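# Analysis of the macromolecular model
Chain by chain, the residues:
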Amino acid sequence: MRAALAPVAAAPGGVCETVRVAQQRPASPGVGSCERSLQVSGGNRRGNLVNPNFNLDAVSLMEYVILIIVIAVLALVAGGWLLFVRPRRGRGSAPPGQRPATPPSAPAPGGGGETGTEAAQAGAAAAAPAGVLEIERPPPSAGRMVRLRARLARSQTSVGSALLNLLSRDRLDDETWDEMEEVLITADVGVAPARVMVDDLRTKVKVLGVRGPAEVRELLRTELLGQLGDEDRSLRVAPHNGTPAVLLMVGVNGTGKTTTCGKLARALIGDGETVLLGAADTFRAAAADQLETWGDRVGAKTVRADRDGADPASVAFEAVSEGIETGADVVIIDTAGRLHTKVGLMDELGKVKRVVEKKATVDEVLLVLDATTGQNGLRQARVFAEVVNVTGIVLTKLDGTAKGGIVIAVQRELGVPVKLVGLGEGPDDLAPFDPGAFVDAILG
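Everything quoted here is computed from the prediction, not taken from an experiment. (Residues numbered from 1 in each chain as written. Predicted model: local features only at pLDDT ≥ 70, side-chain atom pairs only at ≥ 80, totals over all residues. Heavy atoms only, no water.)

Here we come to the sheet that holds strand β4 (residues 330–335). Paired through their backbone hydrogen bonds, the strands of a sheet run either parallel or antiparallel. If you walk across this open sheet you meet the eight strands as β3-β2-β4-β1-β5-β6-β7-β8, and the pairing is mixed. Single-partner strands in this sheet number two, and they are β3 (301–303) and β8 (430–432). Strand after strand, the sheet turns through a mean of 25° between neighbouring axes, direction not considered. In this fold helix α15 (residues 376–388) packs onto β1 (245–250) and β5 (362–370), with an angle of close to 160° to the strand it touches most, β5. Here helix α16 (residues 405–414) sits on the sheet and contacts β5, β6 (392–396) and β7 (418–422); the angle it forms with β6, its principal contact strand, is near 160°. (Pairing = 2+ DSSP bridges. Helix = DSSP H or I, 4+ residues; strand = E, 2+ residues; numbered from the N terminus. Axes fitted to C-alpha atoms, helices over the stretch in contact; angles between N-to-C directions. Contact = heavy atoms within 4.5 Å.)

Laid out in structure tokens, this is it:
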């Protein structure tokens, strides 16, 4: 091809001849015909062969066109964003470089937006103190048993009604007395106390010959009060020799010891005492948090360990020490629940009591019993009494399905009085035990 084109550069007049020679040869890629290879200008046939880079120039031209199209599309997209998206964002926020103006103390005329901002700030200021727990003023504990008697009567009246119906029969034969003994046993009084009560009632009925409803009710009331006894049920919560009274709360798992500690602290603060709580239950998750929440509600400080699984005896000792330093009237120590069959755990409970006694006298050891467990509570009470010398019983959940006879059974078995009863889930539903109100609730 180069040989055929050489004469063209040397002799311009022989262009066509040279092209004809090229046409006679097979066409090569990239080479056009004579008409496409020549340009005619003004009437003079002046032929110039097209540059061999013709295709490359065409490709460059297409690239320029595509680049121009892309730039135009980008310009359209940018213009649309500036026209539509930017104004919408500007509606909810201040323009860039400008901070929202601080609303003045008094709203300007027509400044509705500023007034709304002030209202929002006022609401936030009012909500800020809401996170601070307000200290409550609990009511005194006196008379709580009487106020809660109706709640107790709803669960205990069935026993009293059955006994009254049996005693009011025209004929009191052996079958009637057997039925009465069965009612007392099912009420968790226990076999031995039930037989004693039936024998006493049978003797009094024969001697006195009572038959009227009022006389029968009074006779039964006197017998129940006699079984409950007239023991001292007051809590020893008075400070002595410059040290606070120390109350140790013990019991098995799930009886409500921590809740009882919190409710007892409320009752004592309602009576004018200053209380400090010791969270010696270092095993149950969130036990210390639960007790601390109870204390915060009534302004009682809680001494707790800095980690789970700490030595409970050391926590109890620190609580008593701080109670002495701060001049508290009462220190209530919560302990971990433990099965009475676990010898190691019971020994640990004895250690807690011995360590506390190095600092101050333990005035009360209160055993918390679930009243719904019935006779099982007696076995628990026996073991705890041997280890820590229980001085009082707290019966919880007495307003539920519990039978009131457990009160009589526990006292006869241990010789330990029932001092407190739980009659509900409310914070003020822990009441000092009143035998008269209890018996009246049973009889209805």
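With that settled, consider the pattern of salt bridges. This model, assessed by the stated rule, comprises 15 salt bridges. The residue R221 makes a salt bridge to D440 at a minimum N-O spacing of 2.7 Å. Placement of the pair is R221 in helix α10 (residues 213–228) and D440 in helix α17 (residues 435–443), with a sequence separation of 219 residues. You can call D440 buried: its relative accessible area is 16%. Taken together, the shared-partner salt bridges connect E136, R266 and D428 into one network. (Salt bridge = Lys/Arg side-chain N within 4 Å of Asp/Glu carboxyl O. Buried < 20%, exposed > 50% of the residue type's maximum accessible area, 1.4 Å probe, protein only.)

Aromatic ring pairs are described here by two measures, namely the spacing of the ring centres and the angle between the planes. Inspection of the entire model under this criterion finds one aromatic pair. Consider the rings of F433 and F438, whose centres lie 5.2 Å apart with planes at 55°: the pair is tilted. Accessibility classification places F433 together with F438 in one group, the buried group. (Phe/Tyr/Trp six-rings, centres within 6.5 Å; stacked < 30°, edge-to-face > 60°.)

With that settled, the discussion passes to the pairing of β1. By the criterion of burial, β1 is predominantly enclosed, with six of the six residues buried. On β1, burial covers both faces: A245, L247 and M249 on one face and V246, L248 and V250 on the other are all buried. Two strands pair when backbone bridges link them, and β1 and β4 are joined in this way by five bridges, in the parallel orientation. Across the sheet, residue V246 finds its bridge partner in β4, namely V331. Looking at chain direction, β1 and β5 are connected through five bridges and run parallel. Among the inter-strand pairings, L248 is bridged to a residue of β5, identified as V365.

Take the side chain of D363 next. Structurally, the position occupied by D363 is in strand β5. Non-local contacts of D363, meaning those with residues more than four positions away in its chain, are made with R236, H240, P244, A245, V246 and T391.

By the criterion of burial, β5 is predominantly enclosed, with nine of the nine residues buried. Sheet topology note: the β5/β6 ladder contains five bridges and is parallel. Of the residues in β6, the one forming a bridge with L366 is G392. This β-α-β element, β5 to α15 to β6, shows right-handed connectivity. (Right-handed = clockwise from strand over helix to strand, strands pointing away.)

It is worth spelling out the side chain of R266 at this point. If you trace the backbone, R266 turns up in helix α11 (residues 257–270). Within the structure, R266 has its side chain in polar contact with the side chain of E136 (distance 2.6 Å). When residues no more than four places from it in sequence are discounted, the contact partners of R266 are E136, P138, W294, V298, P427 and D428. (Polar contact = N/O pair within 3.5 Å; in protein donor to acceptor, adjacent residues only side chain to side chain.)

Turning our eyes to something else, we now look at the environment of V416. In this fold, V416 is placed in the loop between α16 and β7. With a relative accessible area of 8%, V416 lands in the buried category. A sequence separation of 26 residues divides V416 from V390, and the C-alpha atoms of the two residues are 7.5 Å apart. In contact with V416, other than residues within four places in its own chain, are E231, V390, T391, G392, I393, V410 and Q411.

Its 15 residues place the ends of helix α13 (residues 312–326) 21 Å apart at the C-alpha level, agreeing with the 21 Å of an ideal helix rising 1.5 Å per residue. When we look at burial in α13, the residues that qualify are P312, A313, V315, A316, A319, V320, S321, E322 and G323. Once α13 finishes, G327 follows within two positions and takes phi at roughly 75°, a positive value. (Expected span 1.5 Å × (residues − 1).)

This part covers helix α9 (residues 191–208). An α-helical turn contains 3.6 residues, so a residue and the one three or four places further along point in the same direction. The terminal C-alpha atoms of α9 lie 26 Å apart, and with 18 residues this matches the ideal 26 Å at 1.5 Å per residue to within 8%. Among all positions in α9, only P193, A194, M197, V198, L201 and V205 are buried. Along the axis of α9, the buried residues cluster in a sector spanning 130°; they form a single face. Residues of α9 that are exposed and point more than 90 degrees away from the buried face comprise K206 and V207. In the core, the buried residues of α9 are packed alongside α8 (174–186), α10 and α16. (Arc of directions from axis to C-beta.)

Geometrically, a packed helix pair is captured by the angle between its two axes and the distance between the axes. Direction vectors running N to C along α9 and α10 enclose 140°, while the axes themselves pass 11 Å from each other. Between α9 and α10 the crossing geometry is right-handed. In this structure, α9 uses V196, M197, D200, L201, K204 and V205 to contact α10, whose residues at the interface are L219, L220, E223, L224 and Q227. A class-by-class count of the residues in the contact of α9 with α10 yields seven nonpolar, one polar and three charged. (Left-handed = near helix turned anticlockwise from the far one by under 90°. Nonpolar A, V, L, I, M, F, W, Y, C, P; charged D, E, K, R; others polar.)

Among the nonpolar cores identified, the biggest contains 69 residues, and I333, I393 and L395 are the most heavily contacted of them. Once residues lying within four places of it in the same chain are set aside, the contact partners of I333 are V246, L247, L248, M249, C261, G278, A280, A316, V320 and V356. Counting 23 residues, the second-largest nonpolar core is a separate cluster that includes L247, V298, A300 and V330. (Core = buried A, V, L, I, M, F, W, Y, C linked by side-chain atoms within 4.5 Å.)

Next up on the list: a nonpolar patch on the surface. On the surface, a nonpolar cluster with roughly 580 Å² of combined accessible area is contributed by L61, Y64, V65, I69, V73 and V77. Its location among the elements puts V77 in helix α4 (residues 54–92). With relative accessibility at 53%, the residue V77 sits in the exposed group. (Patch = residues over 30% accessible without salt bridge, like charges linked within 9 Å, V, L, I, M, F, W, Y side chains within 5 Å. Areas by Shrake-Rupley, 256 points an atom, 1.4 Å probe, with all protein chains shown as cover.)

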